[in-house]
Amino acid sequence: MPRWAGPPDALPSVAGGGDGQRQEAAPLAVAARRATGRRSFSTRRDRRGIVFVLPFFVLFFMFLVVPLAYSVYTSFFTTRMIGGTVFTGLSNYTQALGDGAFWTGMGRTMLFAAIQVPIMIVIATFFATMFDLGVARFGGGFRAVFFLPFAVPGVVATAMWGSMLQTRVGVFVRIFEDLGLPDPNFFGPGHLLGVIVVIAIWEWTGFTVILLYTALKSVPRDVVESAIVDGARLGRIVTRIKLPIIRPAIILVVIINVIGALQLFTEPYLLSPMAPNISANYTPTVYMYNVAFSAQYYDLAAAIAVVLAFIIILISAGFLLTQRRKGAIV
Amino acid sequence: MSTVAAPAGPAPAGPKRRLPAGGDGVPLRLYGASRRTVNLVTIACGLFAVFTLVPIWWIFVSSTKTVNNFNSTFGFWFSRPFVLWSNLKEVFSNRESGSFLQWLANTAIYASIGGVGGTVLSAMAGYGFARFNFRGRNVLFLFIMGSLLIPIVAFAVPLYLVYAKFHMNSTMPGIFIPFMISPVSVYLMRVYAGGSVPRELIDAARIDGAGEARIFLRIATPLMVPALVTVFMLNVVSAWNNYFLPFIVNNSAKLYTLTQGLQVWFWHTNIPGSTENFTVITIAAGMISILPLLTMFIVLQRYWRGGLLLGSLTG
């Protein structure tokens, strides 16, 4: 561990005295800072900032950057039972990209993201602004309730919804039955994706509300107050002041959720024994898992991971760029 | 429209008819929110709250039932006999594909290390990014944030392959170290430190001769408490709830996380209409697995409300 603490060695020489002189030295140091300009006072200190960042960065590098680099590397090789590992260039990629199985899953997750993310963002933004302005009664209580699903692992959430919706004994199916309606067959091809959308919305909306709510809270109060003095009403304050200010936060939330949605795995994987429609390539991640661990084609799985990451980056970056063109982000 | 509203001062006391004060302390009346708006929004909140609570209510009710009642009685209400305690006992004594207690302990270990480690690392990094202008700061920050664009699933199989080289698959550190790395936390910490730790205060401390570590621990950290608590919670929760990463890098039942164990149990039970007692045991186990996080939320709730300390700087 480097020594950050210790004598104030980086202070300008004016202030360099013993402990006893600290009090007297302070005004001098301030004067010196004013004279020499703030920059020169702080540059030497600033270099130490790297020390604060380093511990995180080392782990980040070892456990995220290295594996990713390794997967790119290994995706250029192919391991055969006979013949060992040989460099095969892009053949894993041509196989992954030429594979209809991959694209079927990709199309499905994109559809999923295109449905789930907008619905959730709209709901979450609505509640977040209402809580922020204190429009809802019992706002604190509702906030806490909405946040509850965040405490529920995706595995448990899926198991709960799966059990509630399952054919014959599921509680919802039995309610349909009592009403004299036919079994809606929630896990049939028509409803399955919808079920997963509902599960995902249930899991993530409350968390998104809290993220946006926190962002809204950081909007300076005087901005809102002066708008009120100018006679702006609730709707205007939300759409013209609050939301534009937190736009970067909204964009971040959208991107995080799109990325999450495109990685869809836990929900379909857990439901697969109940829902025969969930195939081995239902989503790209399910497919990658099966290629890696059922078929044991690790190199091909690595190539699929790279392609998937690439597509997701492309989509996110594309989204960021369109937002930037509108002149709204950092 | 241009009627000048009184600036938000002490609201004139309208003894009983007052609308609640807004979230930022501004009386709602000043926003022009009518009683009707308040009621409609409250109803919308209520509906979403029902949607949120339905599965939680169901899991609680179901874990009090025998498997026969689970299959035959109304799912959202209790039925006799009330067997919650024996179900819970079964959860802990059942040895089906591993021990639930073991999984609970494992998950507690992973989540606390991931939570504490992740909070410390990201608080330091966020503070470093927010309050120091070192060379390469922006590049480094963008690099770290860039990783947010890369799906975690893209790391999982590669991580497994790299772990294979270092014999880290199916080991505890192999499971919990990734939990400590959270770029989102670094982002939150940077934003929060940027807003709540004034440069003037840091400079003043430096002039008074405090070292950087001391400034971080004694001045910055207390000001960042709401962010620290929030990030700690985020990290604990994401570690506790994570399924995919342990699922890929660990296949030892002894080191299973709760989610891994529950998945195995769930798959074991979910033949529709299964009459195995195990069905309700799994449901009860699912309920138990939620409780620790719920408790944590309730305990920590008052710390993570809002930008609490933003005001204390000027006061």
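Residues numbered from 1 in each chain as written. Chains lettered and ligands numbered in written order. Predicted model: local features only at pLDDT ≥ 70, side-chain atom pairs only at ≥ 80, totals over all residues. Heavy atoms only, no water.

A word on the overall build of chain A. Within chain A, the secondary structure is distributed over 15 helices and two strands. For chain A, restricting intrachain contacts to residue pairs at least 6 apart in sequence, the fraction spanning at least 24 positions comes to 65%. Accessible area of chain A: about 14800 Å², with a carbon and sulfur share of 65%. (Helix = DSSP H or I, 4+ residues; strand = E, 2+ residues; numbered from the N terminus. Contact = heavy atoms within 4.5 Å. Areas by Shrake-Rupley, 256 points an atom, 1.4 Å probe, with all protein chains shown as cover.)

This part is about helix H13 (residues 258–269) of chain B. Since the α-helix advances by 3.6 residues per turn, residues separated by three or four positions end up pointing in the same direction. End to end, H13 of chain B covers 16 Å across twelve residues, agreeing with the expected 16 Å (1.5 Å per residue, within 8%). Among all positions in H13 of chain B, only Leu258, Thr259, Gln260, Gly261, Leu262, Gln263, Trp265, Phe266 and Thr269 of chain B are buried. (Expected span 1.5 Å × (residues − 1). Buried < 20%, exposed > 50% of the residue type's maximum accessible area, 1.4 Å probe, protein only.)

Turning to the pattern of salt bridges, a few remarks are in order. Pairing is possible between side chains of opposite charge, provided their charged atoms come close. Inspection of the entire model under this criterion finds three salt bridges over all chains. Residue Lys242 of chain A is joined to Asp132 of chain A by a salt bridge in which the shortest nitrogen-to-oxygen separation is 2.6 Å. Separated by 110 residues along the polypeptide, Lys242 of chain A in helix H11 (residues 234–245) and Asp132 of chain A in helix H5 (residues 100–133) bring together distant segments of the chain. On the accessibility criterion, Lys242 of chain A (3% relative accessible area) is buried. One salt bridge in this structure joins Arg206 of chain B and Glu212 of chain B, with 2.8 Å as the shortest N-O distance. Residue Arg206 of chain B is classed as buried on the basis of its relative accessible area of 2%. (Salt bridge = Lys/Arg side-chain N within 4 Å of Asp/Glu carboxyl O.)

On to the packing of aromatic side chains, then. Going through the model one piece at a time under the given rule, you end up with 62 aromatic pairs over all chains. When the ring centre of Phe141 of chain B is taken as origin, the NZ or CZ atom of Arg190 of chain B, which lies over that ring, is 4.2 Å away. (Phe/Tyr/Trp six-rings, centres within 6.5 Å; stacked < 30°, edge-to-face > 60°. Lys NZ or Arg CZ within 6 Å of the ring centre and 35° of its normal.)

Once that is clear, we can look at the interface of chain B and chain A. At the junction of the two partners, chain B supplies 121 residues and chain A supplies 118 residues. The junction of chain B with chain A conceals about 10900 Å² of combined surface from both sides, 78% of it contributed by carbon and sulfur atoms. Along the contact surface separating chain B from chain A lie zero salt bridges. (Buried area = accessible area lost by both parts, 1.4 Å probe.)

The next point concerns empty space enclosed by the protein. Applying the stated criterion across every chain, the model contains five cavities of 30 Å³ or more. There is about 1500 Å³ of room inside the largest cavity. Forming the walls of the largest cavity are 50 residues, and the residues nearest its centre are Trp204 and Gln263 of chain A together with Ile152, Ser238 and Asn242 of chain B. Here the element with the most residues in the lining of the largest cavity is helix H9 (residues 192–217) of chain A; it accounts for six residues. By residue class, the composition of the lining of the largest cavity is 34 nonpolar, 14 polar and two charged. (1 Å grid on protein atoms, 1.4 Å probe; cavity = no way out; pocket = protein on both sides within 12 Å on 5 of 7 lines; lining within 4 Å. Points joined across faces, edges and corners; volume = space filled by probe spheres on them. Nonpolar A, V, L, I, M, F, W, Y, C, P; charged D, E, K, R; others polar.)

Time to look at the confidence of the model for chain B. Chain-level pLDDT for chain B is 82 on average; 83% of the residues reach the 70-or-more range. Taken together, the stretch residues 1–18 of chain B has pLDDT below 50 and engages in 18 contacts with residues farther than four places along the chain or on a different chain. (pLDDT = per-residue confidence, 0-100.)

Okay, the environment of Ile50 of chain A next. Topologically, Ile50 of chain A is positioned in helix H3 (residues 49–74). When near neighbours in sequence (up to four residues on either side) are disregarded, Ile50 of chain A contacts Phe134 and Leu140 of chain B.

Considering only enclosed or pocket space, the second largest pocket measures out at about 450 Å³ in volume. Contributing to the lining of the second largest pocket are 20 residues, with Thr79, Gln296, Tyr297, Tyr298 and Asp299 of chain A lying nearest its centre. Sorting the residues of the lining of the second largest pocket by element identifies H3, strand E1 (77–80), helix H4 (91–97) and helix H15 (298–325) of chain A together with helix H6 (152–166) of chain B as the ones contributing at least two each. If you tally residues by element for the lining of the second largest pocket, the top one is E1 of chain A, at four residues. When we break the lining of the second largest pocket down by domain, the ones giving at least three residues each are domain 2 (54–89) and domain 3 (91–325) of chain A. (Domains from an automatic or database assignment.)

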